[in-house]
Amino acid sequence: FAYLVAVVQTEFAPDYARSRIDAFLEEHLKAVEESLEDEEFQVCRAGLLSELQTKHKGLDEETGRYIGCISSRSYDFDRRKRSIEFVEQTASCEALRRFVAEQLRK
């Protein structure tokens, strides 16, 4: 599944806030489809891998990660490991463009 979760706190009406989120996503997904260069993608990919591979800084951070899996009832404790493997092995700029075009911009 592909999903995006956004928590927005605003004084504007929900319909207006949703329309602005949709406009933001439309603009940025269009940019990914049309103008994202492979070099820029590789820099972002390296940053994501670095963040995913960062070790826990303390017991509270490690506990927080596992508590999230338990409280959401997903019990998916290996998700981070699988994410790293996916990004290392299959993530490419062309695959991202194809995903945006076929799945997100229907």
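See the structure shown above.
The notes below deal with the structure included here. Keep in mind that what you see is a predicted model, and the values were worked out from it rather than measured.

Let us now look at the packing of helix H1 (residues 14–35) against helix H5 (residues 93–104). Two numbers describe how H1 lies on H5: the axes approach to 8 Å, and their chain directions differ by 135°. Judged by the angle between their axes, H1 and H5 are oblique. The chirality of how H1 crosses H5 is left-handed. Residues Leu29, Val32 and Glu33 of H1 form the contact with H5, whose participating residues are Leu96, Arg97, Val100, Ala101 and Leu104. For the contact of H1 with H5, the class distribution of residues is 6 nonpolar, no polar and 2 charged.

Pairs can form between side chains of opposite charge once their charged atoms are near each other. Taken as a whole, this structure holds 3 salt bridges when the rule is applied. Across the salt bridge formed by glutamate 94 and arginine 97, the nearest N and O atoms sit 3.5 Å from each other. Here arginine 97 and glutamate 94 lie together in helix H5, a separation of 3 residues that amounts to about one turn. In this structure glutamate 94 comes out as partly exposed when scored by relative accessible area, which is 45%.

Let's shift gears to the packing of aromatic side chains. Overall, the coordinates contain 2 aromatic pairs when judged by the stated rule. Their ring planes at 50° and their centres at 5.2 Å tell us that phenylalanine 12 and tyrosine 16 sit as a pair that is tilted. The class of phenylalanine 12 is partly exposed, set by a relative accessible area of 47%. Owing to a relative accessible area of 44%, tyrosine 16 belongs among the partly exposed residues under this scheme.

Between the first and last C-alpha of helix H3 (residues 59–71) there are 18 Å, a value that for 13 residues agrees with the 18 Å anticipated at 1.5 Å per step. After H3 finishes, the residue arginine 73 shows a positive phi value of roughly 60°.

Thresholds applied
- Residues numbered from 1 in each chain as written.
- Predicted model: local features only at pLDDT ≥ 70, side-chain atom pairs only at ≥ 80, totals over all residues.
- Heavy atoms only, no water.
- Axes fitted to C-alpha atoms, helices over the stretch in contact; angles between N-to-C directions.
- Helix = DSSP H or I, 4+ residues; strand = E, 2+ residues; numbered from the N terminus.
- Parallel < 35°, antiparallel > 145°, perpendicular 65-115°, else oblique.
- Left-handed = near helix turned anticlockwise from the far one by under 90°.
- Contact = heavy atoms within 4.5 Å.
- Nonpolar A, V, L, I, M, F, W, Y, C, P; charged D, E, K, R; others polar.
- Salt bridge = Lys/Arg side-chain N within 4 Å of Asp/Glu carboxyl O.
- Buried < 20%, exposed > 50% of the residue type's maximum accessible area, 1.4 Å probe, protein only.
- Phe/Tyr/Trp six-rings, centres within 6.5 Å; stacked < 30°, edge-to-face > 60°.
- Expected span 1.5 Å × (residues − 1).

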